[in-house]
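Listed below, chain by chain, are the residues.
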Amino acid sequence: MMKLFELARDYQARAYAPYSHFRVGAAVLADDGNYYGGCNIENAAYPATICAERVAITKAISEGATKIHQIAVVGDSDYTYPCGVCRQFMAEFSDDLTVFILGPTEVLSYRLDELLPFAFTSEDMDEL
Ligand code: THU
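Quantities reported herein were computed from a predicted structural model and do not represent experimental measurements. (Residues numbered from 1 in each chain as written. Predicted model: local features only at pLDDT ≥ 70, side-chain atom pairs only at ≥ 80, totals over all residues. Heavy atoms only, no water.)

(A) Broad picture of the environment of Ala17. Position of Ala17 relative to the elements: it lies in the loop between α1 (2-12) and β1 (24-30). A residue is classified by how much of its surface remains accessible, and Ala17, at 8% relative accessible area, is buried. Between the C-alpha atoms of Ala17 and Asn40, which are 23 residues apart in sequence, the distance is 6.9 Å. (Helix = DSSP H or I, 4+ residues; strand = E, 2+ residues; numbered from the N terminus. Buried < 20%, exposed > 50% of the residue type's maximum accessible area, 1.4 Å probe, protein only.)

Laid out in structure tokens, this is it:
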């Protein structure tokens, strides 16, 4: 776990956040055994911004991983929780994901199921 947490904290320093000044770092442990870090990357066209979590996940998937097992998130608020889009993105690439929220005094741990109950998945479309 320490490596995952350290990576998330290291990547927070790489945030490109000149508009919000809100820096976020994330790290994932993927099914290829590797760790991948990400930071938020903003854009002058605001909606083009990508969150740290999706940067870390896209790095993992683009390197050949197919699932993530753990993700850690750290941001400039005391306990920064992933946005709704990132929760949905996590659901696509996980079966039983643990989400760690790194705070100033403790690390909180959740299952993605708790953060995104009744997730929409590809199985919903099997009924077609
Ligand atoms: N942000 C993340 O990177 N992850 C989160 O979990 C929350 C929000 C970023 C997006 C944007 O660059 C900034 O934080 C403010 O919304």
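(B) The pairing of strand β2 (residues 35-39), seen in detail. Taken across its five residues, β2 has four buried, putting it largely inside the fold. Here five bridges tie β1 to β2, and the two strands are oriented antiparallel to one another. In the sheet register, Ala27 faces β2, and the bridge partner there is Gly37. Hairpin geometry of β1 and β2 is characterised by an intervening segment of four residues between the two adjacent antiparallel strands and by a positive phi of about 85° at Gly33. (Pairing = 2+ DSSP bridges.)

(C) Highlighting helix α3 (residues 84-92). Along α3, the residues classified as buried are Cys86, Arg87, Met90 and Ala91. Projection of α3 onto a plane perpendicular to its axis shows the buried side chains occupying an angular sector of 145°, all on one side. Elements that come into contact with the buried residues of α3 comprise α2 (52-62), β3 (68-75), β4 (98-102) and α4 (112-115). (Arc of directions from axis to C-beta. Contact = heavy atoms within 4.5 Å.)

(D) Quick peek at the packing of aromatic side chains. Counted by the stated rule, this structure contains four aromatic pairs. The residue whose ring lies beneath Arg14 is Tyr11, and the NZ or CZ to ring-centre distance is 4.4 Å. (Phe/Tyr/Trp six-rings, centres within 6.5 Å; stacked < 30°, edge-to-face > 60°. Lys NZ or Arg CZ within 6 Å of the ring centre and 35° of its normal.)

(E) Spotlight on the environment of Tyr36. Mapping Tyr36 onto the fold places it in strand β2. For the pair Tyr36 and Ala26, spaced 10 residues apart in sequence, the C-alpha to C-alpha distance is 8.4 Å. Here Tyr36 is in contact with Leu7, Ala26, Ala27, Val28, Ala30, Ala56, Lys59, Ala60 and Glu63, once residues within four sequence places are set aside.

(F) Just unusual backbone geometry, in detail. Although it is not a glycine, His21 adopts a positive phi angle of roughly 60°. Mapped onto the fold, His21 is located in the loop between α1 and β1. Here His21 falls in the exposed class, since its relative accessible area comes to 59%. Even without a glycine there, the phi angle at Phe118 is positive, about 55°. Inspection of the secondary structure assignment puts Phe118 in the segment after α4.

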